[in-house]
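# Summary of the model geometry
The chain contents come next:
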Amino acid sequence: MNAIKKIDRSMSICMAITFSFFVTLVGTLVMMVRSGRFDPAGFAICFVANVVLGLIIGYAVPIGKMHFWFEKKFGVGDILGRYVESMVTDLIYAPIMSLLIVCLSCFVMNRAQSPPFWETFLPLLGISFVLGFILAFIFIPFYIKLLIKKYGIKENYDG
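Residues numbered from 1 in each chain as written. Predicted model: local features only at pLDDT ≥ 70, side-chain atom pairs only at ≥ 80, totals over all residues. Heavy atoms only, no water.

### Some points on the overall build of the protein
Defined as follows: Under the scheme used here, helices are H or I runs from DSSP no shorter than 4 residues and strands are E runs no shorter than 2 residues, and both carry numbers assigned from the N terminus. Under the scheme applied here, a residue whose accessible area is under 20% of the maximum for its type counts as buried, over 50% as exposed, and between as partly exposed, the area being computed with a 1.4 Å probe on protein chains only. The contact criterion used is simple: two residues touch if any of their non-hydrogen atoms lie within 4.5 Å. Each accessible area is a Shrake-Rupley result for a 1.4 Å probe, and residues are judged covered by the shown protein chains and nothing else.
Assigned secondary structure in the protein consists of five helices and zero strands. Buried positions account for 44% of the 159 residues belonging to the protein. Counted over contacts in the protein with a minimum sequence separation of 6, partners at least 24 positions apart contribute 79%. Surface accessibility of the protein: about 8,200 Å² in total, with carbon and sulfur atoms responsible for 70%.

### Section: the side chain of S12
Under the convention used in this document: In protein, a polar contact requires one atom able to donate a hydrogen and another able to accept it; more generally it is a pair of N or O atoms within 3.5 Å, and residues adjacent in sequence count only if both atoms are side-chain atoms.
Looking at the element boundaries, S12 is found in helix α1 (residues 3–35). A polar atom in the side chain of S12 sits 3.0 Å from the backbone oxygen of G58. Residue contacts for S12: discarding those within four places in its chain leaves L55, G58 and Y59.

### Focus on the packing of α1 against helix α5 (residues 117–150)
Rules: Between the N-to-C directions of two axes lies an angle of 0 to 180 degrees, each axis being a line fitted to C-alpha atoms and, for a helix, fitted only over the stretch in contact. Here roughly perpendicular refers to angles of 65 to 115 degrees, roughly parallel to angles under 35, roughly antiparallel to angles over 145, and oblique to all remaining angles. Crossings are assigned a handedness: left-handed for a near helix turned anticlockwise from the far helix by less than a right angle, right-handed for a clockwise turn. Each residue receives one of three labels: charged for Asp, Glu, Lys and Arg, nonpolar for Ala, Val, Leu, Ile, Met, Phe, Trp, Tyr, Cys and Pro, and polar for the others, Gly being one of them.
Packing of α1 against α5 leaves a shortest axis separation of 9 Å and a crossing angle of 150°. When the axes of α1 and α5 are compared, the pair comes out roughly antiparallel. As α1 packs across α5, the resulting crossing turns out to be right-handed. Here the residues of the contact of α1 with α5 sort into 22 nonpolar, six polar and two charged.

### Re a nonpolar patch on the surface
Cut-off, in case you're wondering: Patches here: salt-bridge-free residues with over 30% relative accessible area, like charges joined within 9 Å, nonpolar side chains (Val, Leu, Ile, Met, Phe, Trp, Tyr) joined within 5 Å. What counts as a salt bridge is simple: a side-chain nitrogen of Lys or Arg found within 4 Å of a carboxyl oxygen of Asp or Glu.
On the surface, F21, L25, L29, M32 and F38 cluster together into a nonpolar patch covering about 410 Å² of accessible area. With respect to the helices and strands, F38 occurs in the loop between α1 and α2 (40–60). Since its relative accessible area comes to 43%, F38 is described here as partly exposed.

### A word on the packing of aromatic side chains
In this description, a pair of aromatic rings is defined by centroid distance and the angle of the planes. Spelled out, the test is: Only the six-membered ring of Trp is used, alongside the rings of Phe and Tyr, when aromatic pairs are assigned; centres must lie within 6.5 Å, and planes under 30 degrees apart are stacked while those over 60 apart are edge-to-face, with the rest tilted.
Tallying each qualifying case throughout the model produces 12 aromatic pairs. Between W118 and F121, the aromatic rings sit 5.9 Å apart at their centres with planes inclined by 75°, giving edge-to-face as the arrangement. Of this pair, W118 and F121 both sit in helix α5, three residues apart, which is roughly one turn of that helix. Here W118 falls in the exposed class, since its relative accessible area comes to 56%. Among the residues examined, F121 registers a relative accessible area of 9% and is labelled buried. One aromatic cluster is present, formed by F21, F22, F43, F47, F139, F142 and Y143 through successive ring pairs.

### Describing the environment of P123
With respect to the helices and strands, P123 occurs in helix α5. Each C-alpha atom, one on P123 and one on V30, is 7.9 Å from the other, the two residues being 93 residues apart in sequence. Ignoring anything within four residues of it in the chain, the contact list for P123 reads R34 and W118.

### Considering the packing of α1 against α2
Contact pair α1 / α2: the axes reach a minimum separation of 8 Å and the direction vectors enclose 145°. Here the hand of the crossing between α1 and α2 comes out right-handed. Contacts from R9, S12, I13, A16, I17, S20, F21, T24, L25 and T28 of α1 reach α2 at F43, C46, F47, N50, V51, G54, L55, G58 and Y59. Among the residues forming the contact of α1 with α2, the class breakdown is 11 nonpolar, seven polar and one charged.

Structural data, given as structure tokens:
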């Protein structure tokens, strides 16, 4: 397996775990505010489900390859390229993970105890878009640098 493919797979794992943790944490807090209670089992179920979903998304939409494409298109370390890359990543991950969190939380809490779907989903979606953009903007270049070093790519990289 070549180095770019290894980076791509590792990026999928890193981003799935990172997005899943933060989005599930925020989603659990939103559900807690809406329902008045915290459910550790619900957090664990949502986190694991989001990691699995994030891995599926990551393999379907290769973040590492996408990063290198944006790098070629905009230039190494270009802020506009990072902005567009973060937006695209966010638009892929945030709505799907937010929907999964709300659906699983409603299922775990049972319909009688859960707050109304739209009253929970829409605020979480808005928060997830902002949080997802920030996470992608910060962590994609960070993980790429670590993985380039780990897999020994000799190209001059400054992203």
